[in-house]
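For reference, the chains in residue letters:
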Amino acid sequence: MRVLILGISGAVAQRVALRLRDSGHTVMGIDTRPWEDAPSDIELHRVDLRKRPAEDVFRTRRPEAVVHMATVTSLRVQGEERHRINLGGTRVVFEHCQAYGVKHAVFVGRHTFYGAAPDSALYHTEDEPPKELASFPELADLVAADLYASTALWRNPELTTSVLRVCYTLGASASGTLATFLRGRRVPMVAGHDPLFQFMHEDDVAAAIALTVEKRVRGVFNVAGPQPLPLSVIVRQAQRQPVPLPMMVLRQLIGRFGLPRMPPGALYHLQYPIVVDARAFREATGFTHQYDEVRTIQSFLESHPPPRPRREELFDKLEALGVLR
């Protein structure tokens, strides 16, 4: 089968491409970013998904399946450009799928679609609407892209559409929201709150997406792996230091003093959990995760140990220069 992956240069997308290639599929990809050391048998097109050269790839290569992984978060792109990439790009993808005879489209979304709120259900199911967008407007375009992809289920019934709402990923590449959050020595928490965080190994995510292509399932599915853990447990297992602060103080300090940068709305995700029920996906595909929560955190830690304090780095430099003996 000819499979076109959009956003193929991303860490998880590369793993999806290699899995599908190893399963005997012809894999192509579109991305504006390079994929260093990409295999020669994976065809890459460095073009903007929203421009005419990308449409030419659909027209000339005629993919049978398309995996859309070219959305971005507010950590990567700010403002109107993010809206154009996420919603505008998703609309273009489904227009091309309909125009050029694609049989199966997979939209890879995020479980943060449901939003974090004090009155949310403990486990979100696929039929729940998004909540709390007013408190996290930077998430609105991703939610809109997810909803637009979901409408293809009735707008274009000839196209098998799979919408995946995937929980946080973690692994050796240290890509994604959770990995970015854990990258520094200190990890902020809201005092008095320790929400459950749901995450899975990036190799398991790639396996789930590849399995979706293989099984050609139709519908909206939550995708998750091992049991969720309290944020404080994840932080300590990653050998980082949790820093609980009052919300008003945290809003002022975020992005400073070694704390990670994040939009103000993301702080609600440090108060309230977003945990999804993934039974429907497991039943439809037979998916089982290979990495438990401990091994997943360990794989991240092995590749990204906590940064050394600046004072220790200074002593190392002075010793190298011969100042200290």
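These remarks concern the structure in this document. All values derive from a computational prediction rather than experimental measurement.

### With respect to the packing of aromatic side chains
For the structure shown, the criterion picks out five aromatic pairs. The interplanar angle of 65° and the centroid separation of 6.1 Å between the aromatic rings of Phe221 and Phe281 together place this pair among those described as edge-to-face. Of the two residues, Phe221 sits in strand β11 (residues 219-223) while Phe281 sits in helix α9 (residues 279-285), which places them 60 residues apart along the sequence. Overall, Phe221 belongs to the buried group, its relative accessible area being 8%. One Lys or Arg, Arg155, reaches over the ring of Tyr148 and ends 4.6 Å from the middle of that ring. One residue, Arg165, lies across the ring of Phe113, its end atom 3.7 Å from the ring centre.

### Points about the packing of helix α1 (residues 11-22) against helix α6 (residues 202-215)
Running from N to C, α1 and α6 point in directions that differ by 50°, and their axes come no closer than 8 Å. With respect to their mutual orientation, α1 and α6 come out oblique. The way α1 lies across α6 gives a crossing that is right-handed. Contacts between α1 and α6 pair Val12, Arg15, Val16, Arg19 and Leu20 from the former with Glu202, Asp203, Val205, Ala206, Ala207, Ile209, Ala210, Val213 and Glu214 from the latter. When grouped by side-chain class, the residues that make up the contact of α1 with α6 number nine nonpolar, no polar and five charged.

### What to know about helix α4 (residues 140-155)
With 16 residues, α4 should reach 22 Å at 1.5 Å per residue; the first-to-last C-alpha distance of 22 Å fits that figure. Among the residues of α4, Asp141, Leu142, Val143, Ala145, Asp146, Ala149, Ser150, Ala152 and Leu153 are the ones counted as buried. Elements that come into contact with the buried residues of α4 comprise α3 (79-99), β5 (104-110), β6 (160-166) and β11.

### Quick notes on empty space enclosed by the protein
Scanning the entire structure with this criterion turns up three cavities of 30 Å³ or more. When its volume is computed, the largest cavity comes out at roughly 70 Å³. Along its surface, the largest cavity is lined by Thr71, Phe107, Val108, Gly109, Arg110, Thr112, Phe113, Leu139, Leu142, Val143 and Asp146. Among the elements of the structure, β5 and α4 are those that each provide at least two residues to the lining of the largest cavity. Considering each element in turn, the lining of the largest cavity owes the most residues, four residues, to β5. Residues that form the lining of the largest cavity fall into these classes: six nonpolar, three polar and two charged.

Criteria and thresholds
One numbering rule holds for all chains: residues counted from 1, following each sequence as written. Note on the predicted model: pLDDT of at least 70 is required for a residue's local features to be given, and 80 or more for side-chain atom pairs to be given and counted; whole-chain, interface and lining totals, by contrast, use all residues. Where side-chain values are given, they derive from all heavy atoms of the structure, hydrogens and water being excluded. When the centres of two rings from Phe, Tyr and Trp lie within 6.5 Å, Trp using its six-membered ring, the rings pair. Their planes under 30 degrees apart give stacked, over 60 give edge-to-face, and anything left gives tilted. The helix count covers DSSP runs of H or I at least four residues long, the strand count covers runs of E at least two residues long, and both are numbered beginning at the N terminus. Each residue is assigned to one of three classes by its accessible area relative to the maximum for its type, calculated with a 1.4 Å probe on protein chains only: buried under 20%, partly exposed between the two thresholds, exposed over 50%. Geometrically, a charge over a ring is one whose NZ (Lys) or CZ (Arg) sits within 6 Å of the ring centre while staying within 35 degrees of the ring normal. Axis geometry follows a simple rule: fit a line to the C-alpha atoms, using only the stretch in contact for helices, then measure angles between N-to-C directions, giving values from 0 to 180 degrees. The labels follow the angle: roughly parallel below 35 degrees, roughly antiparallel above 145, roughly perpendicular from 65 to 115, and oblique for the rest. A crossing counts as left-handed when the near helix is turned anticlockwise from the far one by less than a right angle, and as right-handed when that turn is clockwise. Throughout, a residue-residue contact means that at least one pair of heavy atoms, one from each residue, lies within 4.5 Å. Residues are grouped as follows: Ala, Val, Leu, Ile, Met, Phe, Trp, Tyr, Cys and Pro are nonpolar; Asp, Glu, Lys and Arg are charged; every other residue, Gly included, is polar. Multiply 1.5 Å by the residue count of a helix minus one, and that product is the helix's expected span. Put simply, the grid is 1 Å and covers the protein atoms alone, a cavity is a trapped set of points that fit a 1.4 Å probe, a pocket is an open set with protein on both sides within 12 Å along at least five of seven lines, and lining residues have an atom within 4 Å of a point. Grid points are joined across faces, edges and corners, and a volume is the space filled by probe spheres set on the points.

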